[in-house]
Amino acid sequence: MKKLFLLSAAAVLISTGAFAQSTVVTTTGTGHAAAVQIEPQYRTKIKSYVTEHRVRPVTTKEKIVVGAAVPSDVELEAVPADWGPSLTKYRYVYSGDHVMLVDPGSRTVVQEID
């Protein structure tokens, strides 16, 4: 009886995940440099956008990396709405074949999309 109950509970948990709508962004950690988790289908959409719109990469003296501030002379671009509503609060910079999501208030890179 216990086995049947445990199997039933496991099946319900698994099937619930299959029908749930996936969350686009999950932030973890504290502070402004929290990591942003982006679902694979949105990563693909972001990469396609950069290619289709021929976004030119920015060049800086220092490499732009997660957790670091983007130099003030670099223009931050608005995130298109089709990247997901949870991402529109960020801006982005295209640097070194990577899209970098940036917190516009602190200019800190919160996620690299490669």
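Residues numbered from 1 in each chain as written. Predicted model: local features only at pLDDT ≥ 70, side-chain atom pairs only at ≥ 80, totals over all residues. Heavy atoms only, no water.

Caption draft 1: Focus on the overall build of the protein. The helix and strand inventory of the protein stands at 2 helices and 6 strands. Tracing the protein from N to C terminus, the helices and strands come up as α-β-β-α-β-β-β-β. Residues classed as buried in the protein amount to 30% of the 114 residues present. Of the contacts made within the protein by residues no fewer than 6 positions apart, 50% connect residues no fewer than 24 positions apart. (Helix = DSSP H or I, 4+ residues; strand = E, 2+ residues; numbered from the N terminus. Buried < 20%, exposed > 50% of the residue type's maximum accessible area, 1.4 Å probe, protein only. Contact = heavy atoms within 4.5 Å.)

Caption draft 2: Region of interest: the confidence of the model for the protein. On average, residues of the protein carry a pLDDT of 77, and 69% of them reach 70 or more. In the predicted structure, residues 15-33 sits below a pLDDT of 50 and forms 29 contacts with residues beyond four places in sequence or in another chain. (pLDDT = per-residue confidence, 0-100.)

Caption draft 3: Layout of the nonpolar core. Ranked by internal contacts, the top residues of the largest apolar core, which has 17 residues, are Trp 83, Leu 87, Tyr 92, Val 99 and Leu 101. Elements supplying a minimum of two residues to this core: strand E2 (35-38), helix H2 (40-52), strand E4 (91-95), strand E5 (98-103) and strand E6 (108-113). The element that contributes the greatest number of residues to this core is H2, accounting for 4 residues. Excluding its chain neighbours within four sequence positions, the residues that come into contact with Leu 101 are Val 36, Ile 38, Val 79, Leu 87, Tyr 90, Arg 91, Tyr 92, Thr 108, Val 109, Val 110, Gln 111 and Ile 113. Val 70, Leu 76, Met 100 and Val 102 belong to the second largest nonpolar core, which has 8 residues in total. (Core = buried A, V, L, I, M, F, W, Y, C linked by side-chain atoms within 4.5 Å.)

Caption draft 4: Broad picture of the pairing of E6. Of all 6 residues making up E6, 5 are buried, and the element is well covered by its neighbours. Bridge analysis of E5 against E6 gives 5 bridges, and the strand direction is antiparallel. For Met 100, the partnering residue across the bridge sits in E6 and is Glu 112. Between E5 and E6, which pair antiparallel one after the other, the connecting turn spans 4 residues, and Arg 107 there sits at a positive phi close to 65°. (Pairing = 2+ DSSP bridges.)

Caption draft 5: Geometry of the packing of aromatic side chains. Considering all chains together, one arrives at 2 aromatic pairs under this definition. An aromatic cluster of at least three residues, connected via ring pairs, comprises Tyr 49, Trp 83 and Tyr 92. (Phe/Tyr/Trp six-rings, centres within 6.5 Å; stacked < 30°, edge-to-face > 60°.)

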